[in-house]
Protein chains: 2
Amino acid sequence: MNTVRVSLAERSYDIVITSGDLAGIGPFAAARVRGRRALLISDNHLAADRPIVSRSLELAGFVTESAVLPAGEAQKCLGVASSLYDRLVDWRSDRQTLVVALGGGVIGDLAGFVAATFNRGLPLLMVPTSLLAMVDSSVGGKVGVNHPRGKNLIGAFHQPAGVWIDTAFLDSLPDREYRSGLAEVVKYGVILDADFLAFLEVNSAKVLAREPATVRHIVTRCCELKARVVEQDEREETGVRAVLNYGHTFAHAFETVGGYGAWLHGEAVAAGMACASRLAERLRPDWGRGHAASGRSAADVRSADGAAALAD
Amino acid sequence: MNTVRVSLAERSYDIVITSGDLAGIGPFAAARVRGRRALLISDNHLAADRPIVSRSLELAGFVTESAVLPAGEAQKCLGVASSLYDRLVDWRSDRQTLVVALGGGVIGDLAGFVAATFNRGLPLLMVPTSLLAMVDSSVGGKVGVNHPRGKNLIGAFHQPAGVWIDTAFLDSLPDREYRSGLAEVVKYGVILDADFLAFLEVNSAKVLAREPATVRHIVTRCCELKARVVEQDEREETGVRAVLNYGHTFAHAFETVGGYGAWLHGEAVAAGMACASRLAERLRPDWGRGHAASGRSAADVRSADGAAALAD
């Protein structure tokens with residue numbers, strides 16, 4: 001089990017990275033929140049895991065309630081958020097009621113938005129089940145829903161009370177989704193850690209085979225890197241956090257032109273990073289002669305292309 | 001012109017209390033935000049003032065757009081918030097677009113919620129036009145909308161970039177609304193400042209006559225007192241901020257039983273404070289023998305009843 005601390009003064013929290021230990025969720029939650037009521041929000045893909053999480057919370061003293069949504073991006077909207085507010089009202093929730101988000105990025109963003117806005121803020125526990133959610137959306141406090149006029153248009157910054165990452169969820173992830181998540185993993189190497197990028201290249205077979213120790217290592221490293229960025233620029237105000245958007249300008253274009261759903265987000269990010277690095281080489285041809293710029297060399301940029309291919 | 005500073009680290013801001021100076025809004029806003037686009041949200045009661053505010057913003061370099069809503073509590077809902085998101089999208093707003101809330105508590109809470117949640121947070125300028133909004137809802141960052149199942153159920157903490165209070169708005173306020181607002185003014189005296197409560201009793205004729213210097217003084221003092229509380233407990237976590245809810249438990253009961261709209265909020269708070277103080281005397285009869293409890297004496301509690309009568 002690895003633990004990564006996100007240090008944000010009174011909003012600090014721990015990210016645990018473990019494998020095959022859903023029973024640990026209850027004690028982890030109980031040590032971090034005052035209340036003993038938990039609304040577990042998940043989707044119908046998680047029918048097998050939901051009772052294990054509920055049971056763990058109950059053994060730790062929580063009274064639990066479960067909201068199960070259809071899977072898919074269409075749930076991430078104000079209307080579904082409103083129905084979750086209804087559930088919280090029906091259940092006579094107060095400001096101590098814990099919201100547990102068990103699922104991928106859609107569940108995390110939606111449940112996080114509900115937690116951010118119900119009664120001006122409920123404690124939130126993130127239990128991400130996709131690689132993308134583990135290394136990206138569950139860490140850093142960005143929550144939100146889509147608006148008919150724009151993706152993630154309505155949202156807030158709401159840091160969780162804790163993040164529990166169980167890499168065993170990845171065992172059953174479809175290969176296309178797993179590879180899509182790897183694009184964000186590669187991104188951390190490109191933007192922040194050349195050694196990590198080299199590790200991914202050298203160990204690409206183990207990574208693609210989802211070798212447990214390797215997966216725990218890469219998820220942990222991504223969380224560490226993201227935590228350090230979020231600590232410097234929690235609300236995306238100083239520009240530091242913008243580095244996490246590497247490749248995302250092209251990616252959003254591909255997603256918009258292709259239609260959301262045609263591309264998985266990570267697929268668009270992989271292609272976006274390749275485009276961004278090639279554009280950078282054209283704009284700054286001196287990088288090709290071995291000069292470092294912004295702390296990264298042309299070798300790094302070319303590695304990025306190669307590594308992005310991992311996720312192709 | 002008086003200025004009250006609310007010190008909340010990087011979320012600090014100024015409250016200006018002035019009389020008959022809407023032209024000052026533009027320079028005040030320009031000094032506090034980076035962007036130069038402003039969406040002015042107000043209701044149809046403010047048809048005379050809206051162009052003055054817009055013009056002031058434009059003279060200070062802002063491009064402005066206006067959203068005018070029907071007056072009334074019914075506007076404070078997710079559906080209207082969603083239509084305001086549409087306006088912001090239509091207008092190609094970005095994270096620098098300023099939201100200006102020109103109106104009473106409904107406009108402030110609604111526009112504040114939209115500012116809190118659009119693109120994960122836009123800068124917000126509060127221009128409260130009712131006494132209740134000036135001394136209570138425009139200061140401290142509580143924003144939100146009603147849900148069919150509960151008042152203010154959906155919300156956030158989102159501190160404004162600044163608050164511009166022009167007491168000239170009070171000249172045209174219906175007497176019932178003005179007196180309702182005085183209940184919250186009296187509340188500050190009861191909970192935090194016995195001298196201020198004495199001032200209100202001694203000067204009740206000037207207060208009720210809306211004598212400009214007196215009104216500026218009481219609004220300024222209330223903002224100062226609220227600012228000190230919010231500084232200690234921004235997100236209502238430590239219990240300090242709960243003191244602002246004095247009389248509100250009874251008040252909510254009166255509003256719920258009477259039906260929202262039958263009682264103005266301040267009327268319910270005035271009656272609620274009277275009930276709370278009498279309950280306190282029964283629960284702690286030693287207060288009646290001159291012993292101080294929680295820093296307040298029986299004399300203060302009795303004054304509270306007398307002062308609350310101001311707002312009856």
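In this report, we go over the structure that sits alongside the text. Small disclaimer: the values here were computed from a predicted structure and weren't measured. (Residues numbered from 1 in each chain as written. Chains lettered and ligands numbered in written order. Predicted model: local features only at pLDDT ≥ 70, side-chain atom pairs only at ≥ 80, totals over all residues. Heavy atoms only, no water.)

Observations regarding the overall build of chain A
Quick note on the threshold: Strands are runs of DSSP state E lasting at least two residues, helices are runs of H or I lasting at least four, and both sets are numbered from the N terminus onward. In this setup the radius of gyration rests on C-alpha atoms only. A globule is expected at 2.2 Å times the number of residues raised to 0.38. For every residue, the accessible area (1.4 Å probe, protein chains only) is compared with the maximum for its type, and the residue is labelled buried under 20%, exposed over 50%, or partly exposed between those bounds. Accessible surface area values rest on a Shrake-Rupley calculation with a 1.4 Å probe, where residue burial reflects the displayed protein chains alone. For this count, His and the chain ends are skipped, Lys and Arg are scored as positive, and Asp and Glu as negative. For this purpose, a charge sits on NZ of Lys, CZ of Arg, CG of Asp or CD of Glu.
Secondary structure summary: chain A contains 12 helices and 9 strands in total. By the compact-globule yardstick of 20 Å for 312 residues, chain A fits well, its C-alpha radius of gyration being 19 Å. If one aligns the C-alpha atoms of chain A with their principal axes, the spans along those axes are about 65 × 40 × 35 Å. Burial status across chain A gives 57% buried among its 312 residues. Carbon together with sulfur atoms contributes 53% to the accessible area of chain A, which is approximately 12200 Å² in total. Between the centroid of the 33 positive side chains of chain A and the centroid of its 35 negative side chains there is a distance of 3 Å.

Some details on the state of the cysteines
Among covalent bonds in proteins, the disulfide is the one between the sulfur atoms of two cysteines. The condition is simple: When two cysteine sulfur atoms are found within 2.5 Å, that pair is recorded as a disulfide.
Counted according to the given criterion, the structure contains 0 disulfides over all chains. Unpaired in this structure, Cys77 of chain A has its nearest cysteine sulfur neighbour in Cys77 of chain B, at a distance of 16 Å.

A look at the pairing of strand S2 (residues 13-18) of chain B
Residue and element names in this part refer to chain B. Filter applied, for reference: Strand pairing is assigned whenever DSSP detects at least two bridges linking the two strands.
Within S2, 6 of the 6 residues are buried, which leaves the element mostly enclosed by the surrounding structure. Going residue by residue along S2, you find Tyr13, Ile15 and Ile17 tucked away on one face and Asp14, Val16 and Thr18 tucked away on the opposite face as well. In this structure, strand S1 (residues 2-6) lies alongside S2, joined through 5 bridges in antiparallel fashion. Within S2, the position partnered with Asn2 by the bridge is Ile17. Linking S1 to S2, which pair antiparallel, is a turn of 6 residues; within it Ala9 sits at a positive phi near 50 degrees.

Quick notes on the side chain of Glu255 of chain A
Residue and element names in this part refer to chain A. Put simply, the test is: Salt bridge criterion: a side-chain nitrogen from Lys or Arg within 4 Å of a carboxyl oxygen from Asp or Glu. Within 3.5 Å is the distance limit for a polar contact, defined as a pair of N or O atoms, with the added protein rule that one can donate a hydrogen and the other accept it, and that residues adjacent in sequence qualify only through two side-chain atoms.
With respect to the helices, strands and loops of the structure, Glu255 is situated in helix H10 (residues 248-258). The charged side chain of Glu255 is buried without a salt bridge, its nearest counter-charge being Lys151 at 5.1 Å. A distance of 3.2 Å separates a polar atom in the side chain of Glu255 from a polar atom in the side chain of His265.

Digging into the sheet that holds strand S3 (residues 37-43) of chain B
Residue and element names in this part refer to chain B. Our working rule: To get an axis, fit a line to the C-alpha atoms, keeping to the stretch in contact for a helix; angles then go from 0 to 180 degrees between the N-to-C directions. Whether two residues are in contact is decided by their heavy atoms: any pair within 4.5 Å suffices.
With mixed pairing, the 7 strands of this open sheet are ordered in space as S1-S2-S9-S6-S5-S3-S4. Each end of this open sheet is capped by a strand with a single partner; those strands are S1 and strand S4 (63-69). On average, each strand axis in the sheet is inclined to that of its neighbour by 15 degrees, with strand direction left out of account. Examined bridge by bridge, S3 and strand S5 (residues 98-103) share 5 bridges and lie parallel to one another. Paired with Leu40 across the two strands is Val100, which belongs to S5. Along the sheet, helix H4 (residues 105-117) makes contact with S3, S4, S5 and strand S6 (124-128), crossing S5 at roughly 165 degrees. Most of the contacts of helix H9 (residues 212-232) go to S1, to which it runs at about 10 degrees, and overall it touches S1, S2 and strand S9 (162-166).

Considerations on the packing of aromatic side chains
Stated precisely, the cut-off is as follows: Ring geometry is summarised as follows: Phe, Tyr and Trp rings, the Trp one being its six-membered ring, pair when their centres sit within 6.5 Å, and such pairs are stacked at plane angles under 30 degrees, edge-to-face over 60 and tilted between the two. For a ring to carry a charge above it, either NZ of a lysine or CZ of an arginine must fall within 6 Å of the ring centroid while also lying within 35 degrees of the normal to the ring plane.
Applying the stated criterion across every chain yields a total of 8 aromatic pairs over all chains. Ring plane angle 25 degrees and centroid distance 6.2 Å describe the contact between Tyr85 of chain B and Phe118 of chain B, whose orientation is recorded as stacked. Placement of the pair is Tyr85 of chain B in helix H3 (residues 78-90) and Phe118 of chain B in the loop between H4 and S6, with a sequence separation of 33 residues. Phe118 of chain B matches Tyr85 of chain B in its accessibility class, with the two residues each being buried. Clustering of aromatic rings is evident, with ring pairs tying together Phe250, Phe254 and Trp263 of chain A. Note that Lys187 of chain B overlies the ring of Tyr188 of chain B, its terminal NZ or CZ placed 5.0 Å from the centroid.

Looking at the sheet that holds strand S5 (residues 98-103) of chain A
Hydrogen bonds between backbone groups are what pair the strands of a sheet, and the pairing can be parallel or antiparallel. Residues and elements named next belong to chain A. Judged by pairing direction, the sheet is mixed, and its 7 strands sit side by side in the order S1-S2-S9-S6-S5-S3-S4 without closing on themselves. With partners counted over all chains shown, the strands left at the sheet margins are strand S1 (2-6) and strand S4 (63-69), one partner each. Strand-to-strand twist of the sheet, defined as the mean angle between neighbouring strand axes without regard to direction, takes the value 15 degrees. Sitting on the sheet, helix H3 (residues 78-90) touches strand S3 (37-43) and S4, and the angle it makes with S4 is about 155 degrees.

Some words on the environment of Arg36 of chain B
All names here are of chain B. Along the chain, Arg36 falls in the loop between helix H1 (25-30) and S3. A sequence separation of 105 residues divides Arg36 from Gly141, and the C-alpha atoms of the two residues are 22 Å apart. A distance of 3.1 Å separates a polar side-chain atom of Arg36 from the backbone oxygen of Val33.

Describing the relation of the copies chain A and chain B
To keep things clear, this is the line we draw: To superpose the copies, least squares is applied to the C-alpha atoms of every residue with a pLDDT of at least 70 in both.
Rotating chain A by 180 degrees and moving it 0.0 Å along the rotation axis overlays it on chain B with an RMSD of 0.0 Å. Within this description, the copies of the chain are treated as partners about a two-fold rotation axis. Within chain A, the C-alpha atom positioned nearest to the axis of rotation is that of Leu78 of chain A, 4.0 Å from it. A share of 100% of the interface residues of chain A reappears at the interface of chain B, consistent with the copies meeting face to face through the same patch.

Considering the pattern of salt bridges
Residue and element names in this part refer to chain A. Here the structure, examined in full by the defined rule, presents 39 salt bridges over all chains. Salt-bridge contacts for Arg11 lead to Glu10; the nearest nitrogen and oxygen are separated by 3.1 Å. In this structure, the salt-bridge partner of Asp175 is Arg210, at a minimum N-O distance of 3.1 Å. One end of the pair, Asp175, is in helix H6 (residues 175-192); the other, Arg210, is in the loop between helix H8 (204-208) and helix H9 (212-232), and 35 residues separate them in sequence. Under the relative-accessibility criterion, Asp175 is labelled partly exposed at 39%.

Overview of the nonpolar core
Where we set the bar: To qualify as a nonpolar core, a set must consist of buried Ala, Val, Leu, Ile, Met, Phe, Trp, Tyr and Cys residues joined through side-chain atoms within 4.5 Å.
The biggest cluster of nonpolar side chains holds 180 residues, and the ones touching the most others in it are Ile15 of chain A together with Ile15 and Val219 of chain B. If sequence neighbours within four positions are ignored, Ile15 of chain B has contacts with Asn2, Thr3, Val4, Val6, Val139, Val163, Ile165 and Cys223 of chain B.

Examining the packing of H3 of chain B against H4 of chain B
Residue and element names in this part refer to chain B. So the rule is basically this: These descriptions rest on fixed angle ranges, namely under 35 degrees for roughly parallel, over 145 for roughly antiparallel, 65 to 115 for roughly perpendicular, and the rest for oblique. The crossing is said to be left-handed when, going from far helix to near helix, the turn is anticlockwise and less than a right angle, and right-handed when the turn is clockwise. The classification used treats Ala, Val, Leu, Ile, Met, Phe, Trp, Tyr, Cys and Pro as nonpolar, Asp, Glu, Lys and Arg as charged, and all other residues, Gly among them, as polar.
Packing of H3 against H4 brings their axes to within 10 Å, and their N-to-C directions diverge by 55 degrees. As summarised for this structure, H3 and H4 are arranged oblique, according to the angle between their axes. Classified by chirality, the crossing of H4 by H3 is right-handed. Along the contact surface, H3 presents Leu78, Val80, Ala81, Leu84, Tyr85 and Leu88, while H4 presents Leu110, Phe113, Val114 and Thr117. When its residues are assigned to classes, the contact of H3 with H4 shows 9 nonpolar, 1 polar and no charged.

Quick notes on the packing of helix H6 (residues 175-192) of chain B against helix H7 (residues 194-202) of chain B
Residue and element names in this part refer to chain B. Look at H6 against H7: their axes get within 6 Å of each other, and the N-to-C directions meet at 140 degrees. Taken as axis vectors, H6 and H7 run oblique relative to one another. Where H6 approaches H7, its residues Val185, Val186, Tyr188, Gly189, Val190 and Leu192 are matched on the opposing element by Ala194, Phe196, Leu197 and Leu200. When the residues that make up the contact of H6 with H7 are grouped by side-chain class, the tally is 9 nonpolar, 1 polar and no charged.

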